[in-house]
Amino acid sequence: MEFSKSLGEAISLEQAMTYVKAHNARFPKGVKAFAFGAEHVQDVLNQEGCVGIRIYNGYNEEEDCPNIVVVGVNAEGRDMVDGKIFDRGVRCPDMCDIASPLFQG
C-alpha cells in the first residue's frame, strides 16, 4: 500500500463518539485522550519527505501509564526514525475538554 498525504478518511462526529464510547466502555479508568501542541506536529510534518504520521501505542513504565509515540512517515510508508519523534502529550484525565461531546462518550 502506498503511503500518501490523503491516507485515512474523515469521519462524522457521531462515528467519532461511537468509537470513543466503545473505548471508554472497555477501559473505564483508562486514558481518554492525549493532547499535543501544533509545534510538535508541524515539526514532524515539515520534515523533508514526510507525507504523514504514524502513531504507536506505548507505555511509560516510569509513570505507569499509557502513552503514544508519534513519528513521521515517508512516501514509501517507512517510519522516519532519524527525524523528529515525540510523545509526552498531556493525558486526559488531567487536561480534558469536559464540554466536548467526545469527552462525554
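Okay, so let's go over this structure. Note that the structure is predicted; figures quoted are calculated from it, not measured.

A few words now on the overall build of the chain. A count of helices and strands for the chain gives three helices and five strands. In terms of overall dimensions, the chain has C-alpha extents of about 40 × 35 × 25 Å along its principal axes. The buried share of the chain, taken over its 105 residues, is 22%. Long-range contacts, defined as pairs at least 24 residues apart, comprise 52% of the intrachain contacts of the chain with a sequence gap of at least 6. Here the chain displays about 7800 Å² of accessible surface, and carbon together with sulfur accounts for 53% of that area. Each charge sign in the chain was given a centre, from 10 positive and 16 negative side chains, and these centres are 7 Å apart.

In this model, the largest pocket occupies a volume close to 350 Å³. The set of elements that each furnish at least two residues to the lining of the largest pocket consists of β1 (33-35), β2 (50-60) and β3 (65-74). Sort the elements by how many residues they give to the lining of the largest pocket and β3 lands first, with three residues. Looking at the lining of the largest pocket residue by residue, the class counts come to 12 nonpolar, two polar and one charged. Taken as a whole, the second largest pocket spans an internal volume of roughly 190 Å³.

With that settled, the discussion passes to the sheet that holds β2. Each strand in a sheet pairs with another by means of backbone hydrogen bonds, the pair being arranged parallel or else antiparallel. As summarised here, the arrangement of the three strands in space is β2-β3-β4, forming an open sheet in which the pairing is antiparallel. In this open sheet, the two edge strands, each paired with only one partner strand, are β2 and β4 (85-86). One ladder, built from 10 bridges, connects β2 with β3; its direction is antiparallel. Directly across from Cys50, in β3, lies its bridge partner Asn74. Lying on the sheet, helix α2 (residues 38-45) is in contact with β2, β3 and β4; it crosses β2 at an angle near 125 degrees.

Analysis parameters
- Residues numbered from 1 in each chain as written.
- Predicted model: local features only at pLDDT ≥ 70, side-chain atom pairs only at ≥ 80, totals over all residues.
- Heavy atoms only, no water.
- Helix = DSSP H or I, 4+ residues; strand = E, 2+ residues; numbered from the N terminus.
- Buried < 20%, exposed > 50% of the residue type's maximum accessible area, 1.4 Å probe, protein only.
- Contact = heavy atoms within 4.5 Å.
- Areas by Shrake-Rupley, 256 points an atom, 1.4 Å probe, with all protein chains shown as cover.
- Lys, Arg positive; Asp, Glu negative; His and termini not counted.
- Charge placed at Lys NZ, Arg CZ, Asp CG, Glu CD.
- 1 Å grid on protein atoms, 1.4 Å probe; cavity = no way out; pocket = protein on both sides within 12 Å on 5 of 7 lines; lining within 4 Å.
- Points joined across faces, edges and corners; volume = space filled by probe spheres on them.
- Nonpolar A, V, L, I, M, F, W, Y, C, P; charged D, E, K, R; others polar.
- Pairing = 2+ DSSP bridges.
- Axes fitted to C-alpha atoms, helices over the stretch in contact; angles between N-to-C directions.

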